[in-house]
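Summary of the model geometry
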Amino acid sequence: MKMEVYEKACSYICRTYGVREEYPWPRFPDNRVYRDPESGKWFALFMNVERSRLGLAGDGPVPVVTLKADADFIMLAAGKDGILPAYHMNRRHWISLLLDGSVTEDNIFACIDRSWQLVTDTPSRRIYEAVKKIPRGQVATYSQIAAMAGNPRMSRAVGNALHHNPDPLHIPCHRVVNASGALSGAFAFEGPDEQAERLRAEGVEVKDGRVDLSRYQMQTRQQQ
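All of these numbers come straight from a predicted model, not from anything done at the bench. (Residues numbered from 1 in each chain as written. Predicted model: local features only at pLDDT ≥ 70, side-chain atom pairs only at ≥ 80, totals over all residues. Heavy atoms only, no water.)

1. Let's talk about the overall build of the protein chain
Test applied: Secondary structure elements follow DSSP: runs of H or I of four or more residues count as helices, runs of E of two or more count as strands, with numbering from the N terminus. Based on C-alpha atoms, the radius of gyration is set beside the globule rule, defined as 2.2 Å times the residue count to the power 0.38. To measure how exposed things are, a 1.4 Å probe is used in the Shrake-Rupley method; for residues, cover is taken only from the protein chains shown.
Across its full length, the protein chain carries eight helices and nine strands. Since a compact globule built from 224 residues should have a radius of gyration of about 17 Å, the 23 Å found for the protein chain marks it as more spread out than a globular shape. Dimensions of the protein chain, computed from the C-alpha atoms along their principal axes, are close to 75 × 35 × 25 Å. With an accessible surface of roughly 12,600 Å², the protein chain has 49% of that area assigned to carbon and sulfur atoms.

The following block contains the structure:
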């Protein structure tokens, strides 16, 4: 039962987030970690820990997963059956879950999801996710993307993030224009006409380096 829950939790991470486990400690070959591929930060640490070190009754090791958590969740959850203060991590930001059947699989998976979100939530990633929402045949302004990413004042950060677009195939930064509909030009693309050509291929009319926002601007909740 213990190892079944342990392996199910690990399998959930691999299946949901497409990351593989790492085994960084030769002395503890069964202990594994999972990282955000972009930042390299851990979001899950699986270990077998002696019960006495966790303040639990009985002898022998028990499998646990240590996950990132926000302060409010830690305050509410720590101390409940199977949920403990973090082992070997900062207890203000991490929490440990017993993988011995004390915590339901759904709750384990939900805590894993929360940990992933906390570790991977960065302004750049929010910007890229916002840009992915621009439909084909439409454009959005830098300020729109900034608002969708959670901070209407970070238009400049949008420009910087798109200039370092890590995945142009899936992050369509050519659909982002300035407040007057003007294109970025050669600064952000492979040649002065590249952005215009990509937009035209998607049915967006470009005249004199501009897009008519009244026709092609994507509508967001903030505008509705």
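2. What to know about the nonpolar core
Rule in force here: Within this scheme, the nonpolar core is defined by two criteria: the residues are buried Ala, Val, Leu, Ile, Met, Phe, Trp, Tyr or Cys, and they are joined through side-chain atoms within 4.5 Å. Buried means the residue's accessible area, taken with a 1.4 Å probe over protein chains only, is under 20% of the maximum for its type, while exposed means over 50%, and partly exposed covers the values in between. Throughout, a contact is declared for two residues whenever any of their heavy atoms are within 4.5 Å.
The biggest cluster of nonpolar side chains holds 30 residues, and the ones touching the most others in it are Tyr34, Phe43, Phe46, Leu97, Ile108 and Ile112. At the level of elements, helix 1 (2-17), strand 2 (42-50), strand 3 (61-68), helix 2 (71-77), strand 5 (94-98) and helix 3 (105-120) are the ones that each hand at least two residues to this core. At eight residues, the largest contribution of residues to this core is made by helix 1. Setting aside anything within four residues of it in sequence, one finds Phe46 in contact with Tyr6, Ala9, Cys10, Ile13, Asn31, Arg32, Tyr34, Val64, Val65 and Leu99.

3. Examining the pairing of strand 3
Our working rule: Any two strands between which DSSP finds at least two bridges are classified as paired.
Burial analysis of strand 3 places six of its eight residues in the buried class, the great majority of the element. Both strand 2 and strand 3 contribute to a ladder of seven bridges, which runs antiparallel. Pairing of Leu45 across the sheet is with Thr66, part of strand 3. Relative to strand 5, strand 3 runs antiparallel, the two being bridged by five bridges. Following the sheet pairing, Leu67 is matched in strand 5 by Ile95.

4. Considerations on the pattern of salt bridges
Where charged atoms from two side chains of opposite charge come close, those side chains can pair. We apply this condition: In what follows, salt bridge is the name for a side-chain nitrogen of Lys or Arg lying within 4 Å of a carboxyl oxygen of Asp or Glu.
Applying the stated criterion across every chain yields a total of 14 salt bridges. Notably, a salt bridge pairs Asp36 with Arg125, separated by 3.2 Å at the nearest N-O pair. Of this pair, Asp36 sits in the loop between strand 1 (32-35) and strand 2 while Arg125 sits in helix 4 (residues 123-131); the two residues are 89 residues apart in sequence, bridging distant segments of the chain. The class for Asp36 is buried, based on a relative accessible area of 3%. Judged by its relative accessible area of 16%, Arg125 is buried. One salt bridge connects Arg126 with Asp121, and the closest N-O pair in it is separated by 2.8 Å. One continuous salt-bridge network, built from bridges that share partners, spans Glu4, Lys8 and Glu105.

5. Describing the sheet that holds strand 1
Note the threshold: Fitted lines through C-alpha atoms give the axes, limited to the stretch in contact for helices. The angle between two N-to-C directions lies from 0 to 180 degrees.
Here we have five strands laid out as an open sheet, ordered 1-2-3-5-4, and antiparallel in their pairing. On the outer flanks of this sheet lie strand 1 and strand 4 (83-85), each paired with one strand and no other. Each strand of the sheet is rotated relative to its neighbour by a mean of 25°, with strand direction disregarded. Across four bridges, strand 1 lies against strand 2 in antiparallel orientation. Residue Tyr34 lies in a different strand from strand 2, and its bridge partner there is Ala44.

6. A word on the side chain of Arg32
The following threshold applies: What qualifies as a polar contact is a pair of N or O atoms within 3.5 Å, subject to a donor-acceptor requirement within protein and to the restriction that residues adjacent in sequence count only when both atoms come from side chains.
Mapped onto the secondary structure, Arg32 falls in strand 1. A distance of 3.3 Å separates the side chain of Arg32 from the side chain of Glu7, its partner in a polar contact. Excluding its chain neighbours within four sequence positions, the residues that come into contact with Arg32 are Tyr6, Glu7, Cys10, Glu21, Glu22, Tyr23, Ala44, Leu45 and Phe46.

Bear in mind that shape data such as this cannot, by itself, settle questions of function.
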